[in-house]
Amino acid sequence: MLKKLLTPLKMGNTTLPNRVIMAPLTRSRAGQPGDIPNALNVAYYTQRASAGMIVTEATQVSRQGQGYALTPGIYTDAQEAGWKKVVQAVHAQYGHIALQLWHVGRISHSLLQENGEAPVAPSALIAKNSQCFVIQPDGTAANVPTEMPRALDTEELPGIVAQYRQAAVRGRRAGFDFLELHAANGYLLNQFLATNSNQRTDAYGGSLENRARLTLEALDAVIEEIGAKQVGVRLSPHFIGMDMADSEAEASALYLAKAFSERGIAYLHIAEPDWAGGPELTPVFRAQIRAAFNGVLIFCGGYTAEEADALMVQGTADAVAFGRPFIANADLVERFRLGAALNTPDRSTFYGGGAHGYTDYPTLDLQPA
Ligand SMILES: Cc1cc2nc3c(=O)[nH]c(=O)nc-3n(C[C@H](O)[C@H](O)[C@H](O)COP(=O)(O)O)c2cc1C
């Protein structure tokens, strides 16, 4: 018996109908040209509107912030209009939806950048063993190693903050319930936070406070545009993909959690590292994060409904996000309610393609009795 997972949750000024959050999931099916959410994307999100809240796939705040072909953006009028259709369709089903704001930093390639420029990063350090996805000059798509980035000048950082601000303005106009700052999984803000990828000697490098500065400046810009009660942040302490190694991962997450509390943001979303080969978070660290943050706390990574419920009953989490289960089960909440079996996600259709593996997984009412 699930005790809390399917109960309502107050988050900011919104009441979510349940605590089953759809995790952000890159699916690489944005409309082309222009990386614009299209009718197929509308159908996919609408199918999943019974989630307590949907967090959209990571959405680049600028052309510079793109690291994979076919991911959507939120920096052109057409992209904003595309997202507005997604939001309206989800709202028509009484759903709630957050936009994940993304800048990939060094996880990119000159083929994706304006004028073939180098990707940008806190420091000129390549992400070893990391790939991005590009359309090559001959028109074929390929996963290729990320390129050596250029270190951002101090004077350029207000421009990065402005990219997040502009994306927040568009996200607000598109009607999103929440905006989620993506500071996880080895992308730009995480690159600034982590000890190995940030070797800067200015006010944005060195101490933990300095490494956290850009994340907080971007956050403050987003808050100014939409209000703290409609803002969340995703962090991934101990994430080890994308060549990340942060010797102060926990101290940094706890410092940020306190800073988030002071600002009164709606939620903190912790992407746990173990689904991607990292260590398990310890109960001690979970309790510390819980104590440091005064808003809604969401954990994500490899959960079953029962495990998620147990985490809530013991008071560690307010909600849990599900990624792969939502790919294969649009009616995940209903299946949890009924204790029904889940469809198995097909990895071969995670990234790119059309409706197959995207909007055509069977729902319960379509299954033979
Ligand atoms: C296909 C796929 C795409 C993902 N895309 C994103 C993304 O855009 N942003 C993000 O923060 N995490 C992303 N993740 C990580 C998920 O949000 C989640 O943390 C991870 O899948 C673990 O949760 P799960 O075990 O419930 O799937 C992605 C994961 C998968 C499998």
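Here the structure is shown first, and the text comes after it.
Residues numbered from 1 in each chain as written. Predicted model: local features only at pLDDT ≥ 70, side-chain atom pairs only at ≥ 80, totals over all residues. Heavy atoms only, no water.

(A) Representation of the site of the ligand within the structure. In the region of the ligand, 19 residues are neighbours, and Thr26, Arg234, Gly302, Gly323 and Arg324 sit closest. The contact in question runs from an oxygen atom of the ligand to an N or O atom on the side chain of Arg324, over 2.5 Å. Surface burial for the ligand is 95%, taken as the share of its 600 Å² of free accessible area covered by protein chains. Judged by the proximity of its atoms to the pocket grid, the ligand belongs to the largest pocket. Here the residues of the shell around the ligand are counted per class, giving 10 nonpolar, 7 polar and 2 charged. (Near = heavy atom within 4 Å. Polar contact = N/O pair within 3.5 Å; in protein donor to acceptor, adjacent residues only side chain to side chain. Areas by Shrake-Rupley, 256 points an atom, 1.4 Å probe, with all protein chains shown as cover. 1 Å grid on protein atoms, 1.4 Å probe; cavity = no way out; pocket = protein on both sides within 12 Å on 5 of 7 lines; lining within 4 Å. Sits in = over half its atoms within 2 Å of the grid points. Nonpolar A, V, L, I, M, F, W, Y, C, P; charged D, E, K, R; others polar.)

(B) Spotlight on the packing of helix H6 (residues 249–263) against helix H7 (residues 283–292). Close contact between H6 and H7 brings their axes to 8 Å; oriented N to C, the two are set at 20 degrees. Comparing the axis directions of H6 and H7 gives the class roughly parallel. Crossing handedness for the pair H6 and H7: right-handed. For the pair H6 and H7, the contacting residues are Glu250, Ala253, Leu254, Ala257, Lys258 and Ser261 in the first and Phe285, Gln288, Ile289 and Ala292 in the second. (Axes fitted to C-alpha atoms, helices over the stretch in contact; angles between N-to-C directions. Helix = DSSP H or I, 4+ residues; strand = E, 2+ residues; numbered from the N terminus. Parallel < 35°, antiparallel > 145°, perpendicular 65-115°, else oblique. Left-handed = near helix turned anticlockwise from the far one by under 90°. Contact = heavy atoms within 4.5 Å.)

(C) Examining unusual backbone geometry more closely. In this chain, Gln32 is followed by Pro33 through a cis amide linkage whose omega measures -5 degrees. With respect to the helices and strands, the residue Pro33 is situated in the loop between strand E3 (20–22) and helix H1 (39–47). The backbone of Leu70 shows a phi angle near 75 degrees, a positive value even though the residue is not glycine. With respect to the element layout, Leu70 can be found in the loop between strand E4 (53–60) and helix H2 (77–92). On the basis of relative accessible area, Leu70 is assigned to the partly exposed category, the value being 22%. The residue Asp243 is not glycine, and still its phi comes out positive at about 65 degrees. With respect to the element layout, Asp243 can be found in the loop between strand E11 (231–235) and H6. (Buried < 20%, exposed > 50% of the residue type's maximum accessible area, 1.4 Å probe, protein only.)

(D) Focus on the pattern of salt bridges. A full pass over the atoms with the stated rule returns 16 salt bridges. The closest approach of N and O atoms between Glu80 and Arg170, which form a salt bridge, is 2.7 Å. Of the two residues, Glu80 sits in helix H2 while Arg170 sits in helix H3 (residues 157–174), which places them 90 residues apart along the sequence. Note on accessibility: Glu80 and Arg170 belong to one class, buried. With its nearest N and O atoms 2.9 Å apart, the salt bridge here joins Glu156 to Arg150. Relative accessible area serves as the criterion here: at 34%, Arg150 is assigned to the partly exposed category. One network of salt bridges, with partners in common, ties together Asp77, Glu80, Arg170 and Arg173. (Salt bridge = Lys/Arg side-chain N within 4 Å of Asp/Glu carboxyl O.)

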